[in-house]
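# Structure assessment
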Amino acid sequence: MLDTALGPMAIGWTDAGISRVLLPGDTPEEMRARLEKSGGVEDASGQSEIAARILAYAEGTNDNFADVELDLSRVPEVNRRIYEHIRELAWGETTTYGAIARWLGDVVLSRAVGAAMGANPIPLIVPCHRVLAADGRTGGFSSPGGVRAKMEMLALEKAASPTGQFSFGF
């Protein structure tokens, strides 16, 4: 459990790497229950480096977490491919569901990309908040904080739309 500038967050991990990140929107009790349901246990002594990096991110430190080891063993192969692809996005860089679908080979896969984003167990580190609708709108966001959490993260990163026409801010 982390008390960040964006709100309470939580991290779950296995021996293979980070397996879960919970974004703000739930109470700490609800987060603990979600981690326990997914097989995690709270261990305040573990993963201090990644915890410090997430705390710094929430304060505005540029970090795309691309070097963080992940455990995606419970994730379908196509989702893993998509997640590895979007992990290449830089701080504040955005893309679209359609662009990822074209990268996969067919623009009609946009809904599948959206489903993969909605099923992302490691948001922030797998930066699904940087994936937008074709017209630059935010699209959905399945974290407890919803689209507002996505907007806050994009504003923190001073992100521009894929067309570069605007920046997210409040």
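See the structure shown above.
## Considerations on unusual backbone geometry
Phi angles above zero are rare outside glycine, and Leu124 is one such case at about 85°. By the secondary structure assignment, Leu124 is in the loop between α5 (110–118) and β5 (131–132). Its identity is not glycine, yet Lys158 carries a phi of approximately 55°, on the positive side. Along the chain, Lys158 falls in the segment after α6 (146–156).

## A closer look at the packing of helix α3 (residues 77–86) against helix α4 (residues 97–104)
Running from N to C, α3 and α4 point in directions that differ by 115°, and their axes come no closer than 11 Å. In terms of crossing hand, the pair formed by α3 and α4 is right-handed. Here α3 contributes Arg81, Ile82, His85 and Ile86 to the contact with α4, which in turn contributes Ile100, Trp103 and Leu104.

## Here's the deal with the side chain of Asp71
In this structure, Asp71 sits in the loop between α2 (48–58) and α3. No salt bridge is formed by the buried Asp71. Its closest oppositely charged neighbour is Arg74, at 7.4 Å. Within the structure, the side chain of Asp71 is placed 2.6 Å from the side chain of Thr14, a separation counted as a polar contact. At 2.7 Å, the side chain of Asp71 and the side chain of Ser73 are in polar contact. What Asp71 contacts, discounting residues up to four positions off in sequence, is Thr14, Ala16, Gly17, Ile18, Ser19 and Ile122.

Reading the values: rules and limits
Residues numbered from 1 in each chain as written. Predicted model: local features only at pLDDT ≥ 70, side-chain atom pairs only at ≥ 80, totals over all residues. Heavy atoms only, no water. Helix = DSSP H or I, 4+ residues; strand = E, 2+ residues; numbered from the N terminus. Axes fitted to C-alpha atoms, helices over the stretch in contact; angles between N-to-C directions. Left-handed = near helix turned anticlockwise from the far one by under 90°. Contact = heavy atoms within 4.5 Å. Buried < 20%, exposed > 50% of the residue type's maximum accessible area, 1.4 Å probe, protein only. Lys, Arg positive; Asp, Glu negative; His and termini not counted. Salt bridge = Lys/Arg side-chain N within 4 Å of Asp/Glu carboxyl O. Polar contact = N/O pair within 3.5 Å; in protein donor to acceptor, adjacent residues only side chain to side chain.

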